[in-house]
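# Notes for the structure review
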Amino acid sequence: MKKLSICVYCGSRFGNSPAFLAAAQALGREIGQRGWRMVYGGGNVGLMGATADAAMAAGAEAVGVIPERLVNREVGHRGLTELHVVQTMHERKKLMAELADVFIALPGGIGTFEELFEVWTWRHLGYHDQPIGLLNVEGFYDPLLAFMAHTQQAGFVDQHQQSMLAVHADPVALLNQLAAEATRATQPEDFSRI
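Criteria and thresholds
Residues numbered from 1 in each chain as written. Predicted model: local features only at pLDDT ≥ 70, side-chain atom pairs only at ≥ 80, totals over all residues. Heavy atoms only, no water. Helix = DSSP H or I, 4+ residues; strand = E, 2+ residues; numbered from the N terminus. Contact = heavy atoms within 4.5 Å. Phe/Tyr/Trp six-rings, centres within 6.5 Å; stacked < 30°, edge-to-face > 60°. Axes fitted to C-alpha atoms, helices over the stretch in contact; angles between N-to-C directions. Left-handed = near helix turned anticlockwise from the far one by under 90°. Nonpolar A, V, L, I, M, F, W, Y, C, P; charged D, E, K, R; others polar. Parallel < 35°, antiparallel > 145°, perpendicular 65-115°, else oblique. Salt bridge = Lys/Arg side-chain N within 4 Å of Asp/Glu carboxyl O. Core = buried A, V, L, I, M, F, W, Y, C linked by side-chain atoms within 4.5 Å. Buried < 20%, exposed > 50% of the residue type's maximum accessible area, 1.4 Å probe, protein only. Expected span 1.5 Å × (residues − 1). Arc of directions from axis to C-beta.

## Considering the environment of Ala60
- Among the secondary structure elements, Ala60 is positioned in the loop between helix H2 (46-57) and strand S3 (61-67).
- Taking the C-alpha atoms as reference points, Ala60 and Arg29, 31 residues apart in sequence, are found 8.3 Å from one another.
- Ignoring sequence-local partners within four residues, the contact set of Ala60 consists of Ile31, Gly32, Trp36, Ala55 and Thr81.

Pasting the structure below:
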């Protein structure tokens, strides 16, 4: 199996449940143990830093992409394999996407949601064919998934769009599914048109 590059979207906070941190660290470890690379927002705080640290401790390369304005605010992680400092949030998200084979969202806040929905929209519009997953720790994303079912019932989203999102509570199961999907992806990413 080829060395995959996993783009991880997650909170710059730890959240209120110890399960969020445990899942982030488990995902990072699993990425490292598989010899893959982690790409993320470059912070050294919250779930972002914890996932990157766990990935590197298990042998992964970790590549961060962070806007200059947020280097101090998010405490840019200086211990990464690579840290790209860019000018804008748009550049950040585009470069993260270009470096990734797979996208995963862990629990997080509005930034995580925005990144998830953007890359999901890009897939729907045909800019890429890479798999996208949610690590649904302790049912964190259950209300969002219920709302997405509501949007489908209301006629704004269809089943094909819904099926683009893999959902698991277990990091190993999620990575297994997304890795299998990544090997079947037929359309090369074209983020230059975004």
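## Remarks on the packing of aromatic side chains
- For the structure shown, the criterion picks out 5 aromatic pairs.
- Pairing Tyr9 with Phe103 gives two aromatic rings, centres 6.2 Å apart and planes at 10°, and the pair type is stacked. With a gap of 94 residues between them, Tyr9 in strand S1 (residues 5-9) and Phe103 in strand S5 (residues 102-105) connect regions that are remote in the sequence.
- Ring-pair connections join several aromatic residues into one group, and the members of that group are Phe20, Phe113, Phe140 and Tyr141.

## Description of the packing of helix H1 (residues 18-33) against H2
- One can describe the packing of H1 onto H2 by two numbers: an axis separation of 7 Å at closest approach and a directional angle of 35°. Between H1 and H2 the crossing geometry is right-handed. In this structure, H1 contributes Phe20, Leu21, Ala24, Gln25, Gly28, Arg29 and Gly32 to the contact, and H2 contributes Leu47, Ala50, Thr51, Ala54 and Ala55.
- The class makeup of the residues in the contact of H1 with H2 is 7 nonpolar, 4 polar and 1 charged.

## Some remarks on the packing of helix H4 (residues 89-98) against helix H5 (residues 110-124)
- As a packed pair, H4 and H5 sit with axes 12 Å apart at the nearest point and diverge in direction by 60°. Classed by the angle they form, the pair H4 and H5 counts as oblique. Here the hand of the crossing between H4 and H5 comes out right-handed. Contact with H4, carried on its side by Lys93, Met96 and Ala97, involves Glu114, Glu115, Glu118 and Trp122 of H5 and no other residues of that element.

## Examining the pattern of salt bridges
- Under the criterion given, the structure shown has 6 salt bridges.
- Ionic pairing is found between Lys94 and Glu98, a salt bridge with its closest N-O pair at 2.8 Å. Taken as a pair, Lys94 and Glu98 lie in helix H4 at a separation of 4 residues, close to a single helical turn.
- A single salt-bridge network, built from bridges that share partners, covers Lys93, Glu114 and Glu118.

## Quick look at the nonpolar core
- Ile6, Val8, Leu27, Ile31, Ile104 and Leu106 are the most contacted members of the largest nonpolar core, which totals 30 residues.
- Mapped onto this core, the elements with two or more residues apiece are S1, H1, strand S2 (37-40), H2, S5 and helix H8 (171-184).
- With residues near it in sequence (within four places) discarded, Val8 still touches Leu27, Ile31, Met38, Val39, Tyr40, Thr51, Met96, Ile104 and Leu106.
- The next biggest cluster of nonpolar side chains, apart from the first, holds 25 residues, and it includes Val39, Ala100, Leu116 and Tyr141.

## Points about the environment of Tyr40
- Take Tyr40: it is sitting in strand S2.
- Under the relative-accessibility criterion, Tyr40 is labelled buried at 0%.
- Taking C-alpha positions, Tyr40 is 14 Å from Val119, a pair spaced 79 residues apart along the chain.
- The residues contacting Tyr40, other than those within four sequence positions of it, are Val8, Met48, Ala52, Val63, Gly64, Val65, His77, Leu80 and Met96.

## A few points about the environment of Arg193
- Structurally, Arg193 can be placed in the segment after H8.
- In this structure, the C-alpha to C-alpha distance between Arg193 and Leu47, residues 146 residues apart in sequence, is 31 Å.
- Once you skip the residues sitting within four places of it in the chain, Arg193 turns out to touch Gly126 and Tyr127.

## Focus: H8
- For H8, with 14 residues, the first-to-last C-alpha span of 20 Å sits near the 20 Å given by 1.5 Å per residue.
- Buried within H8 we find Pro171, Leu174, Leu175, Leu178, Ala179, Glu181 and Ala182. Seen from one end, H8 has its buried residues packed into an arc of 165°, which puts them on one side. Pointing more than 90 degrees away from the buried face of H8 are the exposed residues Thr183 and Arg184.
- Taken together, the buried residues of H8 touch S1, H1, S5, H5, strand S6 (132-135) and strand S7 (165-168).

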